[in-house]
Amino acid sequence: MTEIAKIIRVSGTVQGVSFRFYTQCEAEKLGVRGYARNLPDGRVEVFAEGEAAKVRQLVNWLRQGPDTAVVGGITEEDVAPAHHHGFETG
């Protein structure tokens, strides 16, 4: 099993719409570890690590987000795994 890690920054109407909560639910369902946090510029940053296929599934989900959000776009950056235990919101 190949593990990967990515930082994904999501723009659009993604703060104040429970985006981080729904991202945590989706990540936990997939078994992806990391975090979701609001950025000062209005975006949400997601650090996702785990099995490559599962991380890619989460990235695909982030392109749409929950029904409460309007995703304007995402950026992805491959990074080294940080060995998180679970998924947090902050």
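Parameters and conventions
- Residues numbered from 1 in each chain as written.
- Predicted model: local features only at pLDDT ≥ 70, side-chain atom pairs only at ≥ 80, totals over all residues.
- Heavy atoms only, no water.
- Pairing = 2+ DSSP bridges.
- Helix = DSSP H or I, 4+ residues; strand = E, 2+ residues; numbered from the N terminus.
- Axes fitted to C-alpha atoms, helices over the stretch in contact; angles between N-to-C directions.
- Contact = heavy atoms within 4.5 Å.
- Phe/Tyr/Trp six-rings, centres within 6.5 Å; stacked < 30°, edge-to-face > 60°.
- Buried < 20%, exposed > 50% of the residue type's maximum accessible area, 1.4 Å probe, protein only.
- Salt bridge = Lys/Arg side-chain N within 4 Å of Asp/Glu carboxyl O.

Trainee: In this structure, what is going on with the sheet that holds strand β5 (residues 87-89)? I would like to understand it.
Mentor: What holds strands together in a sheet is hydrogen bonding between their backbones, with the strands either parallel or antiparallel. What the 5 strands build is an open sheet, ordered β4-β1-β3-β2-β5; its pairing is mixed. Both outer strands of the open sheet, β4 (70-79) and β5, are each paired with one neighbouring strand and no more. Across this sheet, the average inter-strand angle for adjacent strands is 15°, counted without regard to direction. In terms of strand pairing, strand β2 (residues 33-38) meets strand β3 (residues 44-51) through 6 bridges, oriented antiparallel. Opposite asparagine 38, over in β3, you have valine 44 as the bridge partner. Against the sheet, helix α1 (residues 19-30) makes contact with β1 (3-13), β2, β3, β4 and β5, and its axis sits at roughly 175° relative to β5, the strand it touches most.

Trainee: Explanation requested: the packing of aromatic side chains in the structure shown.
Mentor: Any aromatic ring pair is given by two values, namely how distant the centres are and how the planes are angled relative to each other. Going through the model one piece at a time under the given rule, you end up with 3 aromatic pairs. Here phenylalanine 19 and tryptophan 61 contribute two aromatic rings whose centre-to-centre distance is 6.3 Å and whose plane-to-plane angle is 45°, an arrangement assigned as tilted. With phenylalanine 19 in helix α1 and tryptophan 61 in helix α2 (residues 52-64), the pair connects residues that are 42 residues apart, well separated along the chain. Of the two residues examined, phenylalanine 19 and tryptophan 61, each falls in the buried class.

Trainee: Explain the pattern of salt bridges here, please?
Mentor: Opposite charge on two side chains makes pairing possible when the charged atoms of those side chains draw close. By the definition in use, this model includes 9 salt bridges. Across the salt bridge formed by arginine 33 and glutamate 3, the nearest N and O atoms sit 2.8 Å from each other. One end of the pair, arginine 33, is in strand β2; the other, glutamate 3, is in strand β1, with 30 residues separating them in the sequence. Residue class for glutamate 3 comes out partly exposed when judged on its relative accessible area of 35%. Note that glutamate 76 is salt-bridged to lysine 6, the shortest N-O span being 3.1 Å. Taken together, the residues glutamate 76 in strand β4 and lysine 6 in strand β1 connect sequence positions 70 residues apart. A residue is classified by how much of its surface remains accessible, and glutamate 76, at 37% relative accessible area, is partly exposed. The structure contains a network of salt bridges with shared partners spanning Lys6, Arg63, Glu76 and Asp78.

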